[in-house]
Amino acid sequence: MRRLILAIVLFLAAFSISGEVIPPIESLRTAIEFRWQAPEKPFRLGEILYFTIIGKNIAADTAICYALSAGEIDGDSIEPYSVVSVPDKYVQDTLAPGDSAVYHVVAVDGSPWLYDPLKKSRSYEVPVGLPCYPPGDYVLHFSRMWGVDDSICFEVAPARKRENESGLLDTLAQAFVAYSVGRNSDVVEMAHRLFEMAPESPYTARCLILARGVAWQSEMCEEAMIFDSLFWANFGELPERWHYVSCPGFLGATAGILDRCAGIERRISYLDWLEKKISDSAMQEGIGSIRSILIK
């Protein structure tokens, strides 16, 4: 047994020296430096919170990034220490000396998403759940390096158009209520209304996503295609996409809508438009996956 342990130790030592990959524990402790990046702009009420982690190899040899740490949010408007989920915790990316990799984390699971800004002034039979944090100042606590704690500050601000905020929020809240009681045609109508009122508002983005799903499941094919195209046309670029969908290259709803609602020629033309409209690598990969499945 002792000979076996010694052989393993010598093998790992030789691999570290003659090979080019630092062993896992050493990689975690000394090779990869994790840095959380503070958002450049305040989050808007109604947007999904997302944060960026940069992992950099600070060692002289190639190293593997094995794990990312989650963060915790603290603020006056929420319960202390809401966990920020890391979608891909065990990334296992190999980085050359000096190279960096960028990762994104989102506050979705384990966070108090049920916040109703209208609860003091209106009452509905069905509770309204809006996926957002109230406006205010927050602190994100995280582990910057092995055993070293750090934090960044960020802000959640009201909607872009303050003068229309109450009307936009009221329309979105009514759409959620209509959805919860099965009034699908009302959800569709309110999504159109929000887009006409404020096509760039995060409230509109949330309602387009809701109405797209309602129309898809209800086999309202033309409406589903319209809402899908409106969302990608107005909120599809990568910097914005992180605010509304947790995985930026995931096109599951679009694939489902095309499968149910479009023939081969329309699928091809729609994907061609989408591919030309949004050209980042994550989106291109997602579009390619849809092509391989739906166009044969």
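Above: the structure in question.
Residues numbered from 1 in each chain as written. Predicted model: local features only at pLDDT ≥ 70, side-chain atom pairs only at ≥ 80, totals over all residues. Heavy atoms only, no water.

A separate point is the packing of helix 6 (residues 221–235) against helix 9 (residues 264–277). Interaxial distance between helix 6 and helix 9 falls to 11 Å at its minimum, and their mutual angle equals 15°. Judged on the interaxial angle alone, helix 9 and helix 6 are roughly parallel. Judged by the twist between their axes, the crossing of helix 6 over helix 9 is right-handed. Across from Glu222, Met225, Asp228, Ser229, Trp232 and Ala233 in helix 6, the residues of helix 9 making contact are Arg266, Tyr270, Trp273, Leu274 and Lys277. Of the residues that constitute the contact of helix 6 with helix 9, the class distribution is six nonpolar, one polar and four charged. (Axes fitted to C-alpha atoms, helices over the stretch in contact; angles between N-to-C directions. Helix = DSSP H or I, 4+ residues; strand = E, 2+ residues; numbered from the N terminus. Parallel < 35°, antiparallel > 145°, perpendicular 65-115°, else oblique. Left-handed = near helix turned anticlockwise from the far one by under 90°. Contact = heavy atoms within 4.5 Å. Nonpolar A, V, L, I, M, F, W, Y, C, P; charged D, E, K, R; others polar.)

The next thing to look at is the side chain of arginine 267. Tracing the backbone shows arginine 267 in helix 9. Looking at arginine 267, the relative accessible area reads 11%, which means it is buried. Filtering out sequence-adjacent residues up to four positions away, arginine 267 remains in contact with Leu258, Asp259, Ala262, Leu294 and Ile295. (Buried < 20%, exposed > 50% of the residue type's maximum accessible area, 1.4 Å probe, protein only.)

Attention now moves to the packing of aromatic side chains. Evaluation of the coordinates by the stated rule reveals nine aromatic pairs. Relative to phenylalanine 51, the ring of tryptophan 36 lies with its centre 6.5 Å away and its plane at 50°, an arrangement referred to as tilted. Of this pair, tryptophan 36 sits in strand 1 (residues 32–37) while phenylalanine 51 sits in strand 3 (residues 50–57), placing them 15 residues apart in sequence. The cationic tip of arginine 212 hangs over the ring face of phenylalanine 231; the distance from NZ or CZ to the ring centre is 5.5 Å. (Phe/Tyr/Trp six-rings, centres within 6.5 Å; stacked < 30°, edge-to-face > 60°. Lys NZ or Arg CZ within 6 Å of the ring centre and 35° of its normal.)

Time to look at the pairing of strand 1. Only one face of strand 1 is covered, namely the one carrying Ile32, Phe34 and Trp36; the face carrying Glu33, Arg35 and Gln37 has none of its residues buried. As judged from the six bridges shared by strand 1 and strand 3, these two strands associate in the antiparallel manner. Along strand 3, the bridge assignment pairs phenylalanine 34 with glycine 55. (Pairing = 2+ DSSP bridges.)

Turning next to unusual backbone geometry. A positive phi angle, close to 60°, is found at glutamate 219, a residue other than glycine. Mapping glutamate 219 onto the fold places it in the loop between helix 5 (202–217) and helix 6. Since its relative accessible area comes to 58%, glutamate 219 is described here as exposed.

For the rest of this paragraph, the subject is helix 9. Here helix 9 contains 14 residues, and its C-alpha end-to-end distance of 20 Å stays within 8% of the 20 Å for a straight helix at 1.5 Å per residue. If you follow the buried residues of helix 9, they end up packed against helix 6, helix 8 (252–261) and helix 10 (281–294). (Expected span 1.5 Å × (residues − 1).)

On the secondary structure map, phenylalanine 142 appears in strand 11 (residues 136–145). Taking the relative accessible area as the measure of exposure, phenylalanine 142 reaches 6% and is therefore buried. Setting aside anything within four residues of it in sequence, one finds phenylalanine 142 in contact with Trp36, Ala70, Gly71, Val148, Asp149, Asp150, Ser151 and Ile152.

What follows is about helix 5. Between its terminal C-alpha atoms helix 5 stretches 23 Å, which fits the 22 Å expected from 16 residues at 1.5 Å a residue. Of all 16 residues making up helix 5, 13 are buried, and the element is well covered by its neighbours. Backbone nitrogen of tyrosine 203 and a side-chain oxygen of the N-cap are separated by 3.1 Å at the start of helix 5; the cap is serine 201. A positive phi of about 60° marks glutamate 219, the residue just after helix 5. (Polar contact = N/O pair within 3.5 Å; in protein donor to acceptor, adjacent residues only side chain to side chain.)

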